[in-house]
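Understanding the architecture of this molecule
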Amino acid sequence: MNKMIRMTVIAGCLAASAWSSAALAGTLAVNIAYKGAVQRAVWQSTMDEFKKANPDVDIKASFIEEEAYKVQLPGWLSTQAPDIINWHNGERMAFYASRGLLEDLSEDWKKNGWDSTYASTKEASSWQGKQYSAPTVYYSWGMFYRKDLFKKVGIASEPKTWDEFLEACKKLKAAGIAPVAVGGRDAWTLAGWFDYLDLRINGNAFHQQLMAGDVAYTDPRVKKVYTAWKSLIDNKVFIDNALSYDLDGAQPFLFQGKAAMMLMGTFIAKGFPAKLAPEMGYFQFPIIDAAVPTAEEGPTESIHIPAKARNKADAHRFIAFVGTPAISAKLAEGLGSLPANSKSPAPSDPISRIGFEILSNAKGGISQFYDRDMTKEMADEGMKGMQKFVSDPNKLDDVLNDLEQARKRIYKKS
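All of the points below concern the structure found in this document.

What counts, and where the lines are drawn
Residues numbered from 1 in each chain as written. Predicted model: local features only at pLDDT ≥ 70, side-chain atom pairs only at ≥ 80, totals over all residues. Heavy atoms only, no water. Pairing = 2+ DSSP bridges. Helix = DSSP H or I, 4+ residues; strand = E, 2+ residues; numbered from the N terminus. Axes fitted to C-alpha atoms, helices over the stretch in contact; angles between N-to-C directions. Contact = heavy atoms within 4.5 Å. Parallel < 35°, antiparallel > 145°, perpendicular 65-115°, else oblique. Left-handed = near helix turned anticlockwise from the far one by under 90°. Nonpolar A, V, L, I, M, F, W, Y, C, P; charged D, E, K, R; others polar.

1. Quick look at the sheet that holds strand 9 (residues 259-265)
- Taken together, the four strands give an open sheet; going across it, the order is 8-9-7-10, and neighbouring strands pair in mixed fashion. Looking at strand neighbours, the two that pair on one side only are strand 8 (178-180) and strand 10 (280-283), the edges of this open sheet. With direction set aside, neighbouring strand axes in the sheet form an average angle of 25 degrees.
- Lying on the sheet, helix 12 (residues 247-255) is in contact with strand 7 (141-146), strand 9 and strand 10; it crosses strand 9 at an angle near 140 degrees.
- Where helix 15 (residues 350-360) meets the sheet, its contacts fall on strand 7 and strand 10, and the angle it forms with strand 10 comes to roughly 5 degrees.

Rendered as structure tokens:
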């Protein structure tokens, strides 16, 4: 009798387990990082379209603000992972792929013909020859500016050279307008300034050597970048107390006419107030040294299947759906970016079109971004160092010495 009872209990447990697995198989858990209502809406619309095309799949979507998402992601991937995440290509992807936390998508690339449609982003989607990302969009970085404020202070045209940029800053300051808004509490916004100064002063080849840990932070070429940055800070080019503001806190300076420019990716354009949008312009970061081949930032966004995802079958269906030209174009439009899919139609948004031209003419190459080209541990140290530097530019040498010690420890350099 006891044996029969045990058999009955075991059979019941197996049936319950099978039922649970069957129910789970039709539910796709998707975690999305977003910044602003527009980004959330375009992702929700995309999932709604997938659901319509795949009525047998229920989607459980979780939207998490971007900065909180970055903190929570490692925990999800190592414990109870969702089935789909959105993230970033380059070293940020490789950090998790190298730890076995992302699903190998190489077969998806072959099956969906992505070697051709995503040719330009394949390298950034790969780790040790295998692909772990499905690219969605990429975007340009450049200088947003208020056309009306430029006109008000007599700036006749968008600055193309560093001298023209500095002259524009003088005119804005004379009129009581901060030349540049930056939200330094989000350290990555400072990294954009370091990247562009380094790309314009030293070029992309040097920049990538630095990102790989092959150049000392006490190298005179690195100090030259920080010295140029210090000159901007000393000359009050940036808003006061920049470290007190994150990106969302800094943008109102632009919207309210208290600042005239902001170095940022095109993804912020969708969040501009409708009445202000016509006054917003966008131009290429000025040329500092004409002898240095012009390189640009072009970070690629992506979606991934965690290695510990429970519903991988439907997750593969989802990434194939998102990878179609139409959906890639839709995401790009909604995210203020460019479609990673080469077969998608060209962007219609004016700022995105300018960004496309900037990237298309990047003779010196394209950088992913400071914390996407560099190993995570060093990137974290580097961005903390940038905040320390902005807090007190006179401690430049101390900051660089500290970063050099970190480089030696992280990359095991002598």
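2. Let's talk about the packing of helix 9 (residues 187-201) against helix 11 (residues 220-234)
- Here helix 9 crosses helix 11 at 120 degrees, and the two axes come no closer than 9 Å. The angle between the axes of helix 9 and helix 11 places the two elements in the oblique class. As helix 9 runs across helix 11, the sense of the crossing is right-handed. Along the contact surface, helix 9 presents Leu190, Trp193, Phe194, Leu197, Asp198 and Ile201, while helix 11 presents Lys224, Val225, Tyr226, Ala228, Trp229 and Leu232.
- Classifying every residue of the contact of helix 9 with helix 11 by side-chain character gives 10 nonpolar, no polar and two charged.

3. Thoughts on the packing of helix 2 (residues 37-53) against helix 14 (residues 325-335)
- One can describe the packing of helix 2 onto helix 14 by two numbers: an axis separation of 8 Å at closest approach and a directional angle of 160 degrees. With respect to helix 14, the axis of helix 2 lies roughly antiparallel. As for the relative orientation of helix 2 and helix 14, their crossing is right-handed in sense. Two secondary-structure elements touch here, helix 2 through Val38, Gln39, Val42, Trp43, Ser45, Thr46 and Glu49 and helix 14 through Ile327, Lys330, Leu331, Gly334 and Leu335.

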